[in-house]
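Breakdown of the fold
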Amino acid sequence: MQVSLEQLSQIIVFAGLETAEKISLQPYTQVQRHSKGEIILHEGDVLPAKLHAVVSGSIQVTKTATTGKETILRALAAGEIFAAPALLGNGISPATVTAESDCEILTVERDTLLKAIQENPEIALRMLMVFNSRIQQLHETVHGLVSERAIVRLARLIQYFAAESGTESSSQGEYLKVKLSYYRMARSSGITYEECVRLIKSLKSVIAYRRGGNITILNVEKLDAIASGNID
């Protein structure tokens, strides 16, 4: 189905467009629904020349090593764009994209997007800002996997999701709005499931973990210290 003006406004790179500009994009857009757990793009797929974006729900981007080990690169929520090689690269999906929840995915034809960029260069600037942020995040992730202790990587991961998805204050501390299971944290920080469980238990004075991936930061200052490498 075609995207609505309201849905188009939710996409980060289109948020500043005038109504007339959004209307001109509409005929060249499509929105497709995906169920939780459904694979949207497989690593190695040939991608159509389109911009992809999350309209609602969330997705997970993963990469599989030659050893078969799968690592979560990032999770993206509504408003985020993805699958950049479809527009700028060789058209081959570098990672697998899976629906983390029931979601809606928007696609915009490449030629239409390029025309929109000619009329409003702000779109390209916003895209570059998104890609630059992800490159920096990927650099930090790779650096951490090579040089940082597992507990530091885990603390930084929790910090990242607290900042990215937000928290709610409770009597115990800061409750993460996103659920982080042991499995997800292990795959995102490059450690084993067993090591993740052990490390989380060792941080019981800093974070509280409840079944289902519910995490509360009990001591923000201590978590910051661990993430900075200051471990007692």
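Cut-offs and rules
- Residues numbered from 1 in each chain as written.
- Predicted model: local features only at pLDDT ≥ 70, side-chain atom pairs only at ≥ 80, totals over all residues.
- Heavy atoms only, no water.
- Axes fitted to C-alpha atoms, helices over the stretch in contact; angles between N-to-C directions.
- Helix = DSSP H or I, 4+ residues; strand = E, 2+ residues; numbered from the N terminus.
- Parallel < 35°, antiparallel > 145°, perpendicular 65-115°, else oblique.
- Left-handed = near helix turned anticlockwise from the far one by under 90°.
- Contact = heavy atoms within 4.5 Å.
- Nonpolar A, V, L, I, M, F, W, Y, C, P; charged D, E, K, R; others polar.
- Pairing = 2+ DSSP bridges.
- Buried < 20%, exposed > 50% of the residue type's maximum accessible area, 1.4 Å probe, protein only.
- Arc of directions from axis to C-beta.

1. Looking at the packing of helix H6 (residues 150-165) against helix H9 (residues 220-227)
- Contact geometry for H6 and H9: axes closest at 8 Å, N-to-C directions at 130°. Classified by the interaxial angle, the pair formed by H6 and H9 is oblique. Taken as a pair, H6 and H9 cross one another with a handedness that is left-handed. Where H6 abuts H9, its residues Ile151, Val152, Ala155, Arg156, Ile158 and Gln159 lie against Leu223, Asp224, Ile226 and Ala227.
- When its residues are assigned to classes, the contact of H6 with H9 shows seven nonpolar, one polar and two charged.

2. What to know about the environment of Leu199
- Inspection of the secondary structure assignment puts Leu199 in helix H8 (residues 193-202).
- Sequence spacing of Leu199 and Gly213 is 14 residues, and the spatial spacing of their C-alpha atoms is 15 Å.
- The contact partners of Leu199, leaving out residues within four places of it in the chain, are Ala150, Ile151, Leu154 and Ile191.

3. Brief notes about the sheet that holds strand E9 (residues 167-169)
- Pairing is antiparallel across the open sheet formed by four strands, whose spatial order is E9-E10-E12-E11. Of all strands in the sheet, those bounded by a partner on one side alone are E9 and strand E11 (207-210). Here the average twist between neighbouring strands, direction ignored, is 25°.
- Examined bridge by bridge, strand E10 (residues 174-176) and strand E12 (residues 214-217) share two bridges and lie antiparallel to one another. Bridging across to E12, Glu174 finds its partner in Ile217.
- Strands E9, E10, E11 and E12 of the sheet are contacted by H6, whose axis makes an angle of about 85° with E10.

4. Here we look at the sheet that holds strand E8 (residues 103-109)
- Read from one edge of the open sheet, four strands run E1-E8-E3-E6, paired in antiparallel fashion. One side of each edge strand has no neighbouring strand; the edge strands of this open sheet are strand E1 (29-34) and strand E6 (81-82).
- Bridge count for strand E3 (residues 50-56) against E6 is two bridges, and the pairing is antiparallel. Within E6, the residue paired with His52 across the bridge is Phe82.
- The strands touched by helix H4 (residues 110-119) within the sheet are E3 and E8, with E8 carrying the most contacts at an inclination of about 75°.

5. Thoughts on H4
- When H4 is considered as a whole, its buried residues turn out to be Thr112, Leu113, Ala116 and Ile117. An end-on view of H4 places all buried positions within 140° of arc, on one side of the element. Across from the buried face of H4, at angles greater than 90 degrees, the exposed residues are Asp111, Lys115 and Gln118.

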